[in-house]
Amino acid sequence: MINVSVVGAGQTKFGRHPEYDLRELFSFAAVEAIEEAGISPTDVEAAFIGNLSADRFNNQCHIAPMMVDFAGMKGIPATKCEAACASSATALRAAILAIESGIHDVVIAAGVEKMSDQPTPSVIETLAMAADQTFEAGPGITFPGIFAVLAVAHMHKYGTTREQFASVAVKNHANAVHNPLAQYQKEITMEKALSSRMVAWPLGLFDCSPISDGAAAVVLVRTKEARKYTDAPVKIIASTQASDTMNLCDRDDLSTLGAARRASHKAYKQAKLEPQDIDFAEVHDCFTIAEIIATEDLGFFKPGQGGPAVEQGLTRIGAEKPINTSGGLKAKGHPVGATGVSQLRELYLQLRNEAGKRQVPNADVGLTHNVGGTGASCAIHIASRW
Amino acid sequence: MMSSETTILNYQALLNEKKLCAAECPSCNTLMFPPRLFCANCFRRGTRWKELSGRGKIRSFTIIHIASATHAADAPFVIVILGLAEGISITARLVGVDPLKPEDIKIGASVVADFEEIPGTSPDQSVTRLIFRPA
Amino acid sequence: MTDPKDRVAVIGIGQTKFGEQWDKSIRRITLTAAGACLVDAGVSGVDIDGLYVSNTSTSSFSKQEHQAALAADSGGLLPIASTEVEAACASGGVAVRHAYMAIKSGEHKVVMVVGCEKMSDISEREIAETLMSAADREWEGQIGATFPALFALLARRHMVHYGTTDEQLAAVPVKAHANAVNNPYAQFRFKIGIDQVLRSALVADPLRVFHCAPISDGAAALILCRGDLVEKFSGEPIWINASTQASDTLALHSRPHLTTFRAVKSAAKQAYAKAKVEPKDLDVIEIHDSFSIGEIIATEDIGLVEKGQGGPAIEEGYTAMDGEKPVNPSGGLKAKGHPVGATGIAQVGEIVEQLRHTAGERQIEGAQIGLALNLGGTGSTAVIHILNKE
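Some thoughts on the interface of chain B and chain A
Stage number 1. Listed by partner, the interface residues are 12 residues for chain B and 16 residues for chain A.
Stage number 2. Taken together, both faces of the contact between chain B and chain A bury some 1,200 Å²; the carbon and sulfur share is 62%.
Stage number 3. It is B:R36, B:F38 and B:F43 in chain B that bury the most area against chain A; as a group they hold 49% of the surface buried on that side.
Stage number 4. Where chain B meets chain A, there are one salt bridge.
Stage number 5. In this structure, B:R36 and A:D69 form a salt bridge, with 3.0 Å as the shortest nitrogen-oxygen distance.

Right under this line is the structure:
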């Protein structure tokens, strides 16, 4: 059992922010989280920051000390963690372990990415570096291409349809309408989703998450101290991580992500819960097919039933298992390094009944599922209401 | 422009107008360079621009003989860290000195800010770079 | 005495030779170090339950992100929890600290730390550009400052303030090269003279080519183990008694003093308090001499000598192999080589060898306590480990 709680959370609006520098985006999210926790930046003892590639996107390495200094946290240990799109969930896990180790008491876990400085083809090239450069990206496969391979396998094995993929995008856009920090606060129709430009068959543009800038941050403390900071801390009760082969071709089954199954299995054990105990989840829908596979890997639906489930509305807010109430990566946006912590922020809001019009009724336990690359990394966190 | 938010982007926009500015906290008057959005002292958001005199003294210097790819054509050139009269510090290029005579450059020597146009691929893409000269 | 369950030991070390290795892929280099480390520790892959990977910029050097998952996969350690950490040249030291915390948290028992960097695949100017991104691009990189230039600014100030001389700066690489002769993994196993250093080409005045650590390929690995489990494995345990980290502004100009590394002072102070030792108790020290001035400033900031005495100390042999406080018996970054992501791990590896008394011809007799200091950027990150034979 993990004994760490969230006592403050912050996030920038996701989208394009040409007016702000990377450090400025970070400071908005970090200072909001710190203020929410009722502390000063100088009370934070260590920082763990997820980021995929500031070195490529912004020509800047060594971002962690720069970020903390700019947000007023002076001289503290500050480390960047990278695990492709799961970077900030691994930063979150590092932050949790830092508290569990007894070395730190008050830490910040955050993520930041600013992708829109670069032209789209160069962003695609950098993202592809999260796949195996020698054996996958080298031949020219892109990330949509890799997930398209999974999509085809899933369609072949279970009869999943393009309409079911589109249902994910339609639902997530509908949820994002109620999230003021989402990149796309507008609904889309099935027709629009299905008729969007083909990116990598069978995935069209509306099956893909966008290029985004943004930052998210949470302040973590030991659970037994948490009530000193806020009346309604959110308890993290599981934090797990697993890895899988870099290359899809090395995996036996292309309709599932093994790392997600293993990490969630461990997480359920750690939290002493079953999939049916999870009231809602934020899952990594970098592509629509990924959400369908996630809901199966997490045990919410049987293998092959993820497609029909979303099509039948079982994952809408108010239904049996609300998924991506924030709008998900698809509609909330996906500044890759910020995504994992942003997912936890959604849990924080939901578990404090602060999610406004997208509030899940009676939400007691939520789960985040953050995937790196094509599932070579996966980190799972489970959080519960105080 | 002087009323704009104290972002790094706006700092450059002010430089393009030949104004060297730092951020200042309206509540505790802390002066910050590089500019910040949150006061480094009292953490309050909403710092404002304050134009600097551009006068300062050399804290340390070096002459770059082997440069990175982008700046290779300029070598050798002089980089200085300066303490400005207002009590803040800045890294910049020093021109108007012989880079092959480091003995002529002294720590503590007075310098003054100047602005240099760096041509872009088109006239509207040129940017202004802050440089310093001996005072 | 602390309960062994609450302590962490290094039980295995491994590294490749540092230097240019065009003929080997980054996977191969990483695996070589990891494999050597497993053998040294007497640990098999299935015993490892956590992996921390450090490197600075495989995206620019090798067009590969997600190095942690790649290392887990190519190392046959799936489905292990594998995380990559980055803190510029301090990435390795920070990874060691994360592994240490992961064990202290109770989450992991036996953790591998591996750091690698393959820098020689791209041109030197591109490397300079990539390395420079570890400084503040907005305020330093854009005007053409390079890493040697930033350290040159520190050097100039130190010279004016404390009277540090060109000859004292040159004494650092001379000592490093002399020590590296006895290190089979070092990139440069030959001696150099003061004159050679002083005659070498200027990179950023007053720093010359021989003041700068080279461009290197290489990997280094460690296995850390919870204290109560060390008996299960054959590798001789060396105990980590402190693991601390601190940060400072990225841009040099934002610091009040240009002759000291505040992050080093802060990390050192915390480390001495945790390990309950003082500078005088140290028998062997590995310091981050990416540029010779870095070693001089660091010997002062970790308290080996008084402020301003770093120059005279090196010149008088105080930090030589047979001196009072031997610094960088491995040859340091200058002569052992500096594959940035591997450096911090290799430093701890050297201390472990010294405390195990297996360092061969470069052994410091009777070494009991050692310190490794790994620096990121221009001291924006500092990580210190204090290790003890007992």
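Some remarks on the sheet that holds strand 2 (residues 31-32) of chain B
Residues and elements named next belong to chain B.
Stage number 1. What the three strands build is an open sheet, ordered 2-1-3; its pairing is antiparallel. The sheet terminates laterally at strand 2 and strand 3 (48-51), the two strands that pair on one side only.
Stage number 2. Of the pairings in the sheet, the one linking strand 1 (residues 21-24) to strand 3 comprises four bridges and is antiparallel in character. When the sheet's bridge partners are listed, C21 is paired in strand 3 with E51.

A closer look at the pattern of salt bridges
Stage number 1. Tallied over the full model, the rule gives 38 salt bridges over all chains.
Stage number 2. Residue A:E354 is joined to A:R352 by a salt bridge in which the shortest nitrogen-to-oxygen separation is 3.1 Å.
Stage number 3. Its relative accessible area of 15% is what places A:R352 among the buried residues.
Stage number 4. Between B:R133 and B:D114 there is a salt bridge whose closest N-O contact spans 2.7 Å. Within this pair, whereas B:R133 is found in strand 8 (residues 127-134), its partner B:D114 is found in strand 7 (residues 110-118), the two being separated by 19 residues in sequence.
Stage number 5. In this structure B:R133 comes out as partly exposed when scored by relative accessible area, which is 34%.

The rules behind the values
Residues numbered from 1 in each chain as written. Chains lettered and ligands numbered in written order. Predicted model: local features only at pLDDT ≥ 70, side-chain atom pairs only at ≥ 80, totals over all residues. Heavy atoms only, no water. Contact = heavy atoms within 4.5 Å. Buried area = accessible area lost by both parts, 1.4 Å probe. Salt bridge = Lys/Arg side-chain N within 4 Å of Asp/Glu carboxyl O. Pairing = 2+ DSSP bridges. Helix = DSSP H or I, 4+ residues; strand = E, 2+ residues; numbered from the N terminus. Buried < 20%, exposed > 50% of the residue type's maximum accessible area, 1.4 Å probe, protein only.

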